[in-house]
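One letter stands for each residue in the lines below.
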Amino acid sequence: MIFISANFLSSLSSTFISNVIRWKRKKAHVILLKRITEAVVYTIAFVFILGNLDINLIPIIGSLGAIIIVVGLAMHGLLRNFFAGIYISSDNLLDVGDFIEIKDLGIKGYILEIGYRTTAIKALDGAIIILPNEKIADSVIVNYTYRPIDLYINTKIELVYDVEKIEEILLEIAKKVQKSLPEADLEFEPKIIYKKVENNMVEFDVILRARGYFEQFVLRKEFIKELIKRFNSEGIKPNIVVT
């Protein structure tokens, strides 16, 4: 009866773990957590059986406690990294394939794997960086995968040109790029900001919004191409600085 109850509790806890950590590609953590839960449940069941058989449990519990302490000390680093991996997984903020930046370490790259002890990241130069999960959990991380990116394209125009006409052209091209490219956030309305007038030049910022980190480069390229083409047809010579 005790083992039947233990089997039921083990199945129930496994289902609960699967539902809590249901984030894709976290199978390794789910499997290991299930095994740990099963071991705990069956160990408790075994202790209950020994108690029902009138076996003195104090020496056994004492020995188990000593073993757990020794193992815990020996595997201190491993356990910290393992639970840091569980923390990363259960937070649902990082996943395999995400493009991230670890601010503390100056690392940018794609997450290849989140394992028991370490997380593997493929940097932009192709290098594979292996970091302890504890280091990941304690770092400031920017996940660019699901974050829209606002980009600013700075344009300087000589005051010999019609400023209102320039603003109209900039906004027209910005809307065309923002509303026609799949890499753009289609719901965002581009903005034109007057920054300053200096050295007979008026300075504008054109604000676009990309769907992700790499998508911003497509928007920059297409905007500048369209801008140069349009300015050439209008006889305007801009000074374009992309920031």
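*Asks:* Please give an account of a nonpolar patch on the surface that cites residues and values.
*Replies:* A surface patch of nonpolar side chains, amounting to about 380 Å² of accessible area, comprises Tyr110, Leu124, Phe214 and Phe217. Within the secondary structure layout, Leu124 lies in the loop between strand S3 (118-123) and strand S4 (128-132). Accessibility expressed as a relative area gives 55% for Leu124, which makes it exposed.

*Asks:* Explain the pairing of strand S8 (residues 201-210) residue by residue, including any values.
*Replies:* For S8, the buried fraction is high: eight of the ten residues fall into the buried class. By the bridge criterion, ten bridges tie strand S6 (residues 149-158) to S8 in an arrangement that is antiparallel. Paired with Ile153 across the bridge in S8 is Val206. Here strand S7 (residues 191-198) runs beside S8; their pairing, made up of seven bridges, is antiparallel. The residue bridging Lys191 from the neighbouring strand is Ile207, located in S8. Between the end of S7 and the start of S8, which pair antiparallel, lie two residues, with Asn199 showing a positive phi angle near 55°.

*Asks:* Tell me about the pairing of strand S1 (residues 99-102), and name the residues and values.
*Replies:* Covered by surrounding structure in S1 are Phe99 and Glu101 together with Ile100 and Ile102, the residues of both alternating faces. The pairing of S1 with strand S2 (residues 107-114) spans four bridges and is classified as antiparallel. Bridging from a neighbouring strand, Glu101 pairs with Lys108 of S2. In this antiparallel pair of consecutive strands, S1 and S2, the connection spans four residues, and Gly106 shows a positive phi of 65°. Bridge count for S1 against strand S5 (residues 141-143) is three bridges, and the pairing is antiparallel. Residue pairing for S5: Glu101 is matched across the bridge by Val142.

*Asks:* I'd love a proper account of helix H6 (residues 163-180), names of residues and values included.
*Replies:* The terminal C-alpha atoms of H6, which comprises 18 residues, lie 26 Å apart, in line with the 26 Å expected from a rise of 1.5 Å per residue. Looking at H6, one finds that the buried residues are Ile166, Ile169, Leu170, Ile173, Ala174, Val177 and Gln178. For H6, the buried positions fall inside an angular range of 155° around the axis, keeping them on one side. Elements in contact with the buried residues of H6: S6, S7, S8 and helix H7 (215-234). Where H6 begins, the capping side chain belongs to Asp162, and its oxygen is found 3.1 Å from the backbone nitrogen of Glu164.

*Asks:* How would you summarise the sheet that holds S3 if you had to cite specific residues and measurements?
*Replies:* The five strands lie next to each other as S4-S3-S2-S1-S5, forming an open sheet whose pairing is antiparallel. The outermost strands of the open sheet, each flanked by one partner alone, are S4 and S5. Adjacent strand axes in the sheet meet at a mean angle of 40° when their direction is disregarded.

*Asks:* Go over H7 with me, naming the residues and quoting the values.
*Replies:* An α-helical turn contains 3.6 residues, so a residue and the one three or four places further along point in the same direction. Taking 1.5 Å of rise per residue, 20 residues should cover 28 Å, and H7 covers 29 Å from first to last C-alpha, within 8% of that figure. By the burial criterion, the buried members of H7 are Gln216, Leu219, Arg220, Glu222, Phe223, Glu226, Leu227, Arg230 and Phe231.

*Asks:* Break down the pattern of salt bridges for me, with residues and values.
*Replies:* Taken as a whole, this structure holds eleven salt bridges when the rule is applied. For the salt bridge of Glu189 with Lys179, the shortest nitrogen-to-oxygen distance reads 3.2 Å. Here the residue Glu189 occupies a position in the loop between H6 and S7, and Lys179 occupies one in helix H6, the gap between them amounting to ten residues. You can call Lys179 partly exposed: its relative accessible area is 35%. The partner of Glu226 in a salt bridge is Lys229, with the nearest N and O atoms 4.0 Å apart. You can see Glu226 and its partner Lys229 sitting in helix H7, three residues apart, about one turn around the helix. A relative accessible area of 18% means that Glu226 is categorised as buried.

Procedures and definitions
- Residues numbered from 1 in each chain as written.
- Predicted model: local features only at pLDDT ≥ 70, side-chain atom pairs only at ≥ 80, totals over all residues.
- Heavy atoms only, no water.
- Patch = residues over 30% accessible without salt bridge, like charges linked within 9 Å, V, L, I, M, F, W, Y side chains within 5 Å.
- Areas by Shrake-Rupley, 256 points an atom, 1.4 Å probe, with all protein chains shown as cover.
- Salt bridge = Lys/Arg side-chain N within 4 Å of Asp/Glu carboxyl O.
- Helix = DSSP H or I, 4+ residues; strand = E, 2+ residues; numbered from the N terminus.
- Buried < 20%, exposed > 50% of the residue type's maximum accessible area, 1.4 Å probe, protein only.
- Pairing = 2+ DSSP bridges.
- Expected span 1.5 Å × (residues − 1).
- Arc of directions from axis to C-beta.
- Contact = heavy atoms within 4.5 Å.
- Polar contact = N/O pair within 3.5 Å; in protein donor to acceptor, adjacent residues only side chain to side chain.
- Axes fitted to C-alpha atoms, helices over the stretch in contact; angles between N-to-C directions.

That's the geometry; what it means functionally is another story.
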